[in-house]
Amino acid sequence: MRPGCWLLAATLAVGGCSWTPFDDLKDDVWVDVSTGPAGLPETQYAAAIAAPARGEHGAVFAVAGSTNPTLTRVVYDDNGKRTDTAGDDFAQRFMIVPGGFGTAPAISADPDSQRVGFAAKVSDMTKTQVAVYDLGTDPIQLITNPLLPAQVTAEGFAFAEVGGDATMKDLVITGSGRVDVIVDYEAATPEDRMFACTHQEDASFALGVGKVVAGRDAPVIVVALGSTNRNEGGSKIALIAPEQVQVTQANIPGNCFEGAAALPQFEKGDINDLGEALVVADLDGDGLAEIIAGSPSTGKVFILRDEGGVLVATEHMGLATGFGSALAVADFVGADGAPDGKLDVIVGSPKALVKGAQAGDVEVFEYDATTHELGATPVMTLADAKPSAQQQYGSALAVVPFGGADDHILVIGAHDELFTYFRTLIYADVRAGRQ
Ligand SMILES: [Ca+2]
Ligand SMILES: [Ca+2]
């Protein structure tokens with residue numbers, strides 16, 4: 001492992017920019033450690049992170065807390081200085097019940113705009129709140145907040161183009177064995193533009209949308225299915241063609257696979273949480289997306305691809321259970337440390353042992369387009385220099401666009417803490433006073 005690739009960060013006092021003590025790492029990385037804004041009733045800040053498209057700011061992203069549901073916008077300026085950590089008590093605004101976000105909040109960002117959306121349970125037990133905000137406005141602006149006409153423990157959320165007007169995005173929400181789609185969410189009456197379907201399985205986990213199937217131009221909805229408690233019955237990755245599902249009033253959902261041309265599935269009878277985390281991305285650039293699916297209970301990450309109408313998988317076993325709890329894809333490293341134009345797979349492992357403590361780490365793997373496998377060992381490992389047990393470092397992570405060009409930063413969630421990594425190998429050290 002090359003020097004400097006074992007990136008360490010200490011946990012520091014809250015407030016201001018906290019990079020000064022990391023000057024010994026100045027050649028490679030600096031990190032900003034933060035906690036939630038004061039006044040938010042939150043005990044599990046940074047349970048999920050959503051990174052929208054590059055905007056006017058150096059970086060902007062949303063952080064969701066899960067215990068008392070909150071959503072926070074975090075902003076860095078072009079110099080990597082945290083300028084705004086504005087919180088909003090979304091729980092109160094929308095009557096979201098404690099725990100309404102679930103353990104892994106269903107929040108996601110639009111890859112083409114500054115918008116972020118979420119779905120959560122509200123006090124009206126016959127409905128589910130959906131909300132889309134524009135993080136690029138100041139103050140952040142509520143775009144739409146339709147209600148699903150059923151209570152869903154939402155686990156997956158995506159902005160995607162799956163139906164309706166091709167110029168208007170749709171929202172896809174999974175949870176409680178359902179897939180709900182709000183077609184053309186910017187239309188005047190989104191409540192009337194929904195379709196929904198159900199599965200035999202009692203839970204649907206994370207989801208993604210992409211062109212996964214060869215010979216099919218339209219994207220499919222990729223959804224992970226299993227039991228609510230992840231304790232029985234195995235789990236699987238299923239594909240849903242949007243045109244299979246009829247537009248309904250959503251309170252009478254159809255069958256997700258009824259009358260449909262069979263799309264491939266990938267089932268694991270001995271694994272109950274395949275797809276707890278899931279990313280759809282074209283890792284090798286051949287035009288067909290791969291499905292990267294984590295199974296934290298077994299500490300495995302699977303990479304699925306369509307081969308002749310069958311989903312085939314390679315699997316990678318991590319060093320600890322919990323490996324695969326969070327996933328992201330970006331070109332973050334190369335042989336000499338700097339990005340090399342090839343996408344890497346970034347894996348959160350929040351139970352990994354670090355200096356003897358079950359504190360968690362994040363491991364970055366290169367992807368071999370020939371063998372379809374991840375490298376045997378990570379090319380980069382990130383962890384807290386002062387690890388503590390149950391810290392859950394790596395339980396959430398996101399790659400966030402930063403500054404110009406294709407630069408990005410890596411944001412990692414831990415229990416009540418957020419770690420933001422800037423790399424001087426990728427961009428100039430722009431910390432104020434350090435140029
Ligand atoms: Ca591919
Ligand atoms: Ca790479």
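Everything quoted here is computed from the prediction, not taken from an experiment.

To continue, consider the pairing of strand 17 (residues 220–226). Counting buried residues along strand 17, seven of its seven residues qualify, which places the element largely inside the surrounding structure. In strand 17, alternate side chains face the same way, and those of V220, V222, A224 and G226 on one face and I221, V223 and L225 on the other are all buried. Relative to strand 17, strand 16 (residues 203–210) runs antiparallel, the two sharing six bridges. Residue G210 lies in a different strand from strand 17, and its bridge partner there is V220. Pairing geometry for strand 17 and strand 18 (residues 235–240), over five bridges, is antiparallel. Bridge pairing in strand 18 links L225 to K236.

Mapped onto the fold, A47 is located in the loop between strand 2 (29–34) and strand 3 (48–50). The spacing of A47 and G102 is 55 residues in sequence and 9.7 Å in space, taken between C-alpha atoms. Residues contacting A47, with those up to four places away along its chain left out, are A64, G65, S66, A104, P105, A396 and G413.

Our next topic: unusual backbone geometry. For A46, which is not glycine, the phi torsion reads 70 degrees and is therefore positive. With respect to the helices and strands, A46 occurs in the loop between strand 2 and strand 3. Positioned with a positive phi, S176 is a non-glycine residue whose angle comes to about 55 degrees. The residue S176 is located in the loop between strand 13 (170–175) and strand 14 (178–182) in this model. Residue classification places S176 among the buried residues on the basis of 20 C-beta atoms within 10 Å.

Side chains of nonpolar character tend, in soluble globular proteins, to be buried together. Grouped together as the largest cluster of nonpolar side chains are 128 residues, with contacts concentrated most on I49, F61, V172, V222 and L397. Setting aside residues up to four positions removed in sequence, V222 forms contacts with L207, G208, V209, G210, V212, I237, L239, L278, V280 and I291.

With that settled, the discussion passes to the confidence of the model for the protein chain. For the protein chain, the mean per-residue pLDDT works out to 83, and 86% of the residues sit at or above 70. The model gives residues 1–26 a pLDDT under 50, and that stretch makes 46 contacts with residues more than four places away or in other chains.

Here we take up the sheet that holds strand 16. If you trace the four strands from one edge of the open sheet to the other, you get 16-17-18-21, paired in antiparallel fashion. The open sheet has two free edges, formed respectively by strand 16 and strand 21 (266–268), since each of these has just one partner strand. Here the strands of the sheet are splayed against their neighbours by 20 degrees on average, with no regard to which way each runs.

Turning our eyes to something else, we now look at the pairing of strand 9 (residues 128–134). Buried residues dominate strand 9, accounting for six of its seven residues. Where strand 8 (residues 115–121) meets strand 9, seven bridges bridge the pair, whose relative direction is antiparallel. Looking at the pairing, V116 lines up with Y133 of strand 9. Bridge analysis of strand 9 against strand 11 (residues 147–148) gives two bridges, and the strand direction is antiparallel. From the neighbouring strand, T128 faces strand 11, where its bridge partner is L148. Two elements, strand 9 and strand 10 (residues 141–144), share three bridges in a ladder whose sense is antiparallel. Looking at strand 10, one finds that D134 is bridged to Q141. What sits between the antiparallel neighbours strand 9 and strand 10 is a turn of six residues.

Conventions we followed
Residues numbered from 1 in each chain as written. Chains lettered and ligands numbered in written order. Predicted model: local features only at pLDDT ≥ 70, side-chain atom pairs only at ≥ 80, totals over all residues. Buried ≥ 20, exposed ≤ 12 C-beta atoms within 10 Å, placed from the backbone. Helix = DSSP H or I, 4+ residues; strand = E, 2+ residues; numbered from the N terminus. Pairing = 2+ DSSP bridges. Contact = placed C-beta atoms within 7 Å. Core = buried A, V, L, I, M, F, W, Y, C linked by C-beta atoms within 7 Å. pLDDT = per-residue confidence, 0-100. Axes fitted to C-alpha atoms, helices over the stretch in contact; angles between N-to-C directions.

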